[in-house]
Amino acid sequence: SDVCSSDLFKDRSSLLLAAARHLFGLLRSRLAAVETQCAENPESRIREMAVVLLRFQLEHPYFHRLMIDEVVNASKSDARTFFRSFTLQGVEEFRGMAAGTARRGSRAFDGVFLYVAVIGMCEFFVTGRPILEVAFGQGFDPAKVSRQYEEFLRDYVVDGIRKS
């Protein structure tokens, strides 16, 4: 179908839903690559999915706001159905990874909590940039700090679920 067809964007909400679907498709393809590369290792999969989500959030800092403000709260049922579908997909993946890590000796937990935690850690890193600017002072180098946070996140998301 022609993405530019005039009836597709008959109103603002249709346009924003199309933008959200496009961005989600982009994110989905990146996450699918991680799933393929790390299919046998849930810890590696969690680490790399967190990094993909962080990089995506850095590239598209308004994605979360678009999803919450325009898709979740949309009056149109197709927008709510889309949100429900991608949320359930993410929850299912994280529950599967949680079960996989538990089988390998990590603590048992509901993957929903890791899903919410990873999203939160990625989103707040982007929206909390003024905090980083103050914390790192005049020498603040966003690219360097992002790389450092990526490494921190890669460790933290798995170390945090290990049995103590």
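Structure first, text after, so check above.
Residues numbered from 1 in each chain as written. Predicted model: local features only at pLDDT ≥ 70, side-chain atom pairs only at ≥ 80, totals over all residues. Heavy atoms only, no water.

Draft legend 1. Structural view of the overall build of the protein chain. A tally of helices and strands in the protein chain yields 7 helices and 0 strands. Traced from its N-terminal end to its C-terminal end, the protein chain shows the element sequence α-α-α-α-α-α-α. Its C-alpha atoms give the protein chain principal-axis dimensions of about 55 × 45 × 25 Å. Out of the 164 residues belonging to the protein chain, those deemed buried represent 38%. Long-range contacts, defined as pairs at least 24 residues apart, comprise 69% of the intrachain contacts of the protein chain with a sequence gap of at least 6. (Helix = DSSP H or I, 4+ residues; strand = E, 2+ residues; numbered from the N terminus. Buried < 20%, exposed > 50% of the residue type's maximum accessible area, 1.4 Å probe, protein only. Contact = heavy atoms within 4.5 Å.)

Draft legend 2. The arrangement of the packing of aromatic side chains in detail. Considering all chains together, one arrives at 10 aromatic pairs under this definition. Between Phe24 and Phe82 the ring centres are 5.8 Å apart and the planes differ by 80 degrees, which places this aromatic pair in the edge-to-face class. Placement of the pair is Phe24 in helix α1 (residues 12-37) and Phe82 in helix α4 (residues 77-103), with a sequence separation of 58 residues. Among the residues examined, Phe24 registers a relative accessible area of 12% and is labelled buried. The interplanar angle of 90 degrees and the centroid separation of 5.4 Å between the aromatic rings of Phe83 and Phe86 together place this pair among those described as edge-to-face. (Phe/Tyr/Trp six-rings, centres within 6.5 Å; stacked < 30°, edge-to-face > 60°.)

Draft legend 3. Seen up close, the side chain of Glu43. Of note, Glu43 is situated in helix α2 (residues 42-59). The class for Glu43 is buried, based on a relative accessible area of 14%.

Draft legend 4. Here's a closer look at helix α7 (residues 142-159). Taking 1.5 Å per residue, 18 residues should reach 26 Å; α7 reaches 25 Å between its end C-alpha atoms and fits that length. Taken as a whole, α7 has its buried residues at Val145, Ser146, Tyr149, Glu150, Leu153, Arg154, Val157 and Val158. At its buried positions, α7 is contacted by α2, α5 (111-127) and α6 (129-136). With a side-chain oxygen positioned 3.2 Å from the backbone nitrogen of Ala143, the residue opening α7 is Asp141. (Expected span 1.5 Å × (residues − 1). Polar contact = N/O pair within 3.5 Å; in protein donor to acceptor, adjacent residues only side chain to side chain.)

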